[in-house]
Amino acid sequence: MALKYLLALLLPGLLVLLFTRVSYNRVVGLVLTVGLIAASVYKGYTDTLGLIVADALSLTAGFWYAQKMGPKTKPSAQ
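Here's a quick rundown of the structure. As the structure is a prediction and not an experimental result, all values here were calculated from the model.

1. Overview of the overall build of the protein
Link 1 in the chain: Counting its regular elements, the protein contains three helices and zero strands.
Link 2 in the chain: Starting at the N terminus, the α and β elements of the protein follow one another as α-α-α.
Link 3 in the chain: In terms of C-alpha radius of gyration, the protein reaches 15 Å, well past the compact-globule figure of 12 Å for 78 residues.
Link 4 in the chain: Viewed in the frame of its principal axes, the protein has a C-alpha envelope of about 60 × 20 × 15 Å.

Following this line, the structure appears as structure tokens:
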């Protein structure tokens, strides 16, 4: 059971980062990951409220980090 909570805290955030890097859009990464989590809830793999909260925390952290790793702009030399 502890493994489920550990994975719920890590995997959704990593999936957001992966989908963000592939699609170059952090909102698309978030939507795809939320869709995967919704499918797992529908199939019954995520069965407690604690797991759903852990997924939500990981999604939030992944979305925040995806925003932080955005393209770095250099100041123009004039």
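From this point, things continue past the structure.
2. Considerations on the side chain of Thr-20
Link 1 in the chain: Assignment of secondary structure puts Thr-20 in helix H1 (residues 2–23).
Link 2 in the chain: Each residue touching Thr-20, except ones within four places of it in the same chain, is listed here: Asn-25, Arg-26, Gly-29, Ala-66 and Met-69.

3. Describing the packing of helix H2 (residues 26–43) against helix H3 (residues 49–68)
A packed helix pair is summarised by two numbers, namely the angle formed by the two axes and the spacing between the axes.
Link 1 in the chain: The interhelical angle for the contact between H2 and H3, taken along N-to-C directions, is 165°, at an axis separation of 10 Å. Between H2 and H3, the angle is such that the two are roughly antiparallel. When the axes of H2 and H3 are compared, the crossing they make is right-handed. Counted together, Arg-26, Val-27, Leu-30, Thr-33, Val-34 and Ile-37 of H2 and Asp-55, Leu-59, Phe-63, Ala-66 and Gln-67 of H3 form the full contact between these two elements.
Link 2 in the chain: Among the residues making up the contact of H2 with H3, the classes are represented as seven nonpolar, two polar and two charged.

4. Observations regarding H1
Residues separated by three or four positions in an α-helix point in the same direction, a consequence of the helix having 3.6 residues per turn.
Link 1 in the chain: If you check H1, its first and last C-alpha atoms are 32 Å apart, about what 22 residues at 1.5 Å a residue would give, namely 32 Å.
Link 2 in the chain: In H1, a bend of some 30° at Ala-8 exceeds every other bend along the element, and Pro-12, a proline, comes one to four places later.
Link 3 in the chain: Those residues of H1 not exposed but buried are Ala-8, Pro-12, Gly-13, Val-16, Leu-17 and Thr-20.
Link 4 in the chain: Close packing links the buried residues of H1 with H2 and H3.
Link 5 in the chain: A positive backbone phi angle near 60° is found at Tyr-24, which sits one or two residues after H1.

5. Side note on a nonpolar patch on the surface
Link 1 in the chain: The grouping of Leu-3, Leu-6, Leu-7, Leu-9, Leu-10, Leu-11, Leu-14, Val-41, Leu-49, Ile-52, Val-53 and Leu-57 at the surface amounts to a nonpolar patch, some 1100 Å² of accessible area in total.
Link 2 in the chain: Secondary-structure elements contributing two or more residues to the nonpolar patch are H1 and H3.
Link 3 in the chain: Per element, the largest residue contribution to the nonpolar patch is seven residues, and it comes from H1.
Link 4 in the chain: With respect to the element layout, Leu-14 can be found in helix H1.

6. With respect to unusual backbone geometry
Link 1 in the chain: You will see that Tyr-24, though not glycine, has its phi angle at about 60°, which is positive.
Link 2 in the chain: Tracing the backbone through its elements, the reader meets Tyr-24 in the loop between H1 and H2.

Rules used in this analysis
- Residues numbered from 1 in each chain as written.
- Predicted model: local features only at pLDDT ≥ 70, side-chain atom pairs only at ≥ 80, totals over all residues.
- Heavy atoms only, no water.
- Helix = DSSP H or I, 4+ residues; strand = E, 2+ residues; numbered from the N terminus.
- Rg over C-alpha atoms; globule rule 2.2 N^0.38 Å.
- Contact = heavy atoms within 4.5 Å.
- Axes fitted to C-alpha atoms, helices over the stretch in contact; angles between N-to-C directions.
- Parallel < 35°, antiparallel > 145°, perpendicular 65-115°, else oblique.
- Left-handed = near helix turned anticlockwise from the far one by under 90°.
- Nonpolar A, V, L, I, M, F, W, Y, C, P; charged D, E, K, R; others polar.
- Expected span 1.5 Å × (residues − 1).
- Bend = angle between axes of the 7 residues up to and from the residue.
- Buried < 20%, exposed > 50% of the residue type's maximum accessible area, 1.4 Å probe, protein only.
- Patch = residues over 30% accessible without salt bridge, like charges linked within 9 Å, V, L, I, M, F, W, Y side chains within 5 Å.
- Areas by Shrake-Rupley, 256 points an atom, 1.4 Å probe, with all protein chains shown as cover.
- Salt bridge = Lys/Arg side-chain N within 4 Å of Asp/Glu carboxyl O.

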